[in-house]
Amino acid sequence: MALISCENVTMKYDGQTAVDNVSFRVEPGDYLCIVGENGSGKSTLVKGLLGLLKPVSGKIVFDGVESSEIGYLPQQTMAQKDFPASVYEVVLSGCRSRMFYGKEAKRRALMNMERLDIGSLKNKCYRELSGGQQQRVLLARALCATEKLLLLDEPAAGLDPVITAELYALIAELNESGITIIMVSHDIQNAVRYGSRILHMAMHGAFFGTTGDYLKSEEGRRMTGGIEDV
Amino acid sequence: MFDFLTSLFSYAFITRALIVGVLVALCAALLGVSLVLKRYSMIGDGLSHVGFGALSVSLALGVAPLEVSLPVVALAAFLLMRLGENSMIKGDAAIAIISSSAIAIGIIVVSLTTGMNVDVYNYMFGSILAMSESDVMLSVLVSAVVLTLYALFYNKIFAVTFDESFARAIGIRAGRYNMLVAMLTALIIVVGMRMMGALLISSLIIFPAVTSMRVFKSFKSVVICSAAVSVFCFVAGIVISFAWSVPAGAAVVAVNLTVFFLFCAVKRVLMGRL
């Protein structure tokens, strides 16, 4: 039973067709990488998955997870770079609440901070952390919002190679612990290395299949430059 | 010192100005933290200029200033938020267009009718004499509304201020909270404008937040410090204005500027020690 099934989804952005007749399924435990060139509709599809934009045709069906139960890791904004907020405040804001955070929410926030090894940074200021630490904080926040499914938008953007490798290892660990991962990425090498399935978005016609099939496909060969044994 | 304070409070208009001002300064500081962090600082400025236009028109028409400016400024806040979202014209340009147009309309109406007079001058730079009994009532009411809503939605406001995309993803209606903050700002500006002056009121929104951000590192501490700094600067400004007979609004801004530099210095010292 698929967590998310997209059937012939077409979406428009600013009046233009951004996602054209795309179909794919996300099964529990999958690690799906969404790749594709700029302007191929990745961001628009993300909005669709989060329920912020409705498809003009086709449907996105959720089973066992609501679209608001996705743990989302957005790309960082300029405003966040000098935002005065403690790590705890940021992580806690991932918990859903009516008005105030209860005991359960606070426990969750602390637990997820420990899980990502940032417990010692609890009272540190977010803007003073390194790029890698900031991503961990935002991941912990995303985990507060979900038990099942993380949606990561370019998680490694702007990180150095060492930190990037650590972050991918961490995401793989989360995946092994049973959390389904959907990752939007430009980083095709790591996408095919870690992803179990690939959705390659393109102006006309998308590829969706296992990573092995993707590497043999025309799109995959063009994007990876022919590496097959990663 | 005691004599000075007794003489200060012996004037009913000063007591009124202090009550209204402290409440407005407090609310403006709270809202200001969100506005500054969301890069919406100029909204306060734009709205106060719209308020000036509305006051001038009400002066020309001979109607009560608040009854005209309240709906007009609220409408402007609504339009500014909408313009920002639709991004036909970028946020800062939209604010500049609206605020200069409002001032132009105000000036044209004034010069065609009453001519530039003391009232107009007071609207621009503020007058401590402007606060009546009903203004005190209104400011108590408005600040009660602002403080209650801010406390109730504090966590949501933080989430939306820090990361709107994430907040939307977990089902928070970010647009509503942006609009709420803009509307509350409009209310506070209308209440405080005649005392602080249309050209100076936005300082109450921007200064305390920027000052607190120099030193404090969590959102909560920045909010609390902004409120404290804002109230302190206002009271100090009024005292200075009374002692040296300078306009209250300008004195409050001057104190805010001084405290800002003080906080910058404190930050230097703290950084040096680390």
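Note that the structure is predicted; figures quoted are calculated from it, not measured.

Q: How would you explain the sheet that holds strand E5 (residues 71-73) of chain A if you had to name every residue and give the values?
A: All names here are of chain A. Taken together, the six strands give an open sheet; going across it, the order is E5-E6-E7-E3-E8-E9, and neighbouring strands pair in mixed fashion. The open sheet terminates on both sides in strands that have one partner only, identified here as E5 and strand E9 (207-210). This sheet shows a mean twist of 15° between the axes of neighbouring strands, independent of strand direction. Of the strand pairs in this sheet, strand E8 (residues 197-201) and E9 are connected by four bridges, and their pairing is antiparallel. Its bridge partner being in E9, Ile198 is matched across the sheet by Gly209. The strands touched by helix H4 (residues 131-145) are E5 and strand E6 (149-153); relative to E5, the strand with the most contacts, the crossing angle is about 160°.

Q: Mind laying out the sheet that holds strand E2 (residues 16-26) of chain A, listing which residues take part and the relevant values?
A: All names here are of chain A. The strand order across the open sheet formed by three strands is E2-E1-E4, and the pairing between neighbours is antiparallel. The sheet is open, and its two edges are formed by E2 and strand E4 (57-62), each paired on a single side. Looking at each pair of strands side by side, their axes are set apart by 25° on average, direction ignored. When strand E1 (residues 4-13) meets E2, the two strands line up antiparallel, connected through seven bridges. Its bridge partner being in E2, Ser5 is matched across the sheet by Arg25.

Q: Quick rundown of H4 of chain A? Include the residues and the values.
A: With 15 residues, H4 of chain A ought to run about 21 Å at 1.5 Å a step, and its terminal C-alpha atoms sit 22 Å apart, in line with that. Most of H4 of chain A sits out of view: 13 of its 15 residues are buried.

Q: Describe the side chain of Ser241 of chain B, with residues and values.
A: All names here are of chain B. Mapped onto the secondary structure, Ser241 falls in helix H12 (residues 219-244). Take Ser241: its relative accessible area is 8%, and that puts it in the buried class. Apart from the residues within four sequence positions on either side, Ser241 is in contact with Ile128, Val246, Pro247, Ala248 and Ala251.

Q: Lay out the pattern of salt bridges in plain terms, naming residues and giving numbers.
A: Residues and elements named next belong to chain B. Scanning the model with the defined rule gives 11 salt bridges over all chains in all. Note that Lys38 is salt-bridged to Glu164, the shortest N-O span being 2.6 Å. Placement of Lys38 in the loop between helix H2 (12-37) and helix H3 (41-61) and of Glu164 in helix H9 (residues 164-169) is noted, with a sequence separation of 126 residues between them. Under the relative-accessibility criterion, Glu164 is labelled partly exposed at 23%. A salt bridge links Asp135 to Arg194, with the nearest nitrogen and oxygen atoms 2.7 Å apart.

Q: I'd like to hear about the interface of chain A and chain B, residue by residue, with values.
A: Between chain A and chain B, the residue contacts involve 32 residues of the former and 26 residues of the latter. Between chain A and chain B, a total of about 2,500 Å² is buried, with carbon and sulfur atoms accounting for 62% of that surface. Taken together, chain A and chain B are joined by three salt bridges. Applying the counting rule to chain A against chain B returns 13 residue pairs in polar contact (both at pLDDT 80 or more). Put simply, the parts of the chain that give the side of chain A that touches chain B at least two residues each are helix H2 (87-92) and H4 of chain A.

Q: With reference to specific residues and values, describe the domain arrangement of chain A.
A: Quite often, the size of an interface is put as the accessible area lost when its parts meet. Residue and element names in this part refer to chain A. Once the domains are mapped, chain A shows domain 1 (1-65 + 148-230) and domain 2 (76-146). Between the C-alpha centres of domain 1 and domain 2 the distance comes to 25 Å. In this assembly, 15 residues from domain 1 lie in contact with 10 residues from domain 2. Of the roughly 940 Å² buried at the junction of domain 1 and domain 2 (both faces included), carbon and sulfur atoms supply 70%. In this structure, the connection of domain 1 to domain 2 is made through one salt bridge. The salt bridge partner of Glu166 is Arg136, with a shortest N-O separation of 3.9 Å. At the junction of domain 1 and domain 2, the tally comes to three residue pairs in polar contact (both at pLDDT 80 or more). Residues of the side of domain 1 that touches domain 2, tallied by class, amount to 11 nonpolar, one polar and three charged.

What counts as what
- Residues numbered from 1 in each chain as written.
- Chains lettered and ligands numbered in written order.
- Predicted model: local features only at pLDDT ≥ 70, side-chain atom pairs only at ≥ 80, totals over all residues.
- Heavy atoms only, no water.
- Pairing = 2+ DSSP bridges.
- Helix = DSSP H or I, 4+ residues; strand = E, 2+ residues; numbered from the N terminus.
- Axes fitted to C-alpha atoms, helices over the stretch in contact; angles between N-to-C directions.
- Contact = heavy atoms within 4.5 Å.
- Expected span 1.5 Å × (residues − 1).
- Buried < 20%, exposed > 50% of the residue type's maximum accessible area, 1.4 Å probe, protein only.
- Salt bridge = Lys/Arg side-chain N within 4 Å of Asp/Glu carboxyl O.
- Buried area = accessible area lost by both parts, 1.4 Å probe.
- Polar contact = N/O pair within 3.5 Å; in protein donor to acceptor, adjacent residues only side chain to side chain.
- Domains from an automatic or database assignment.
- Nonpolar A, V, L, I, M, F, W, Y, C, P; charged D, E, K, R; others polar.

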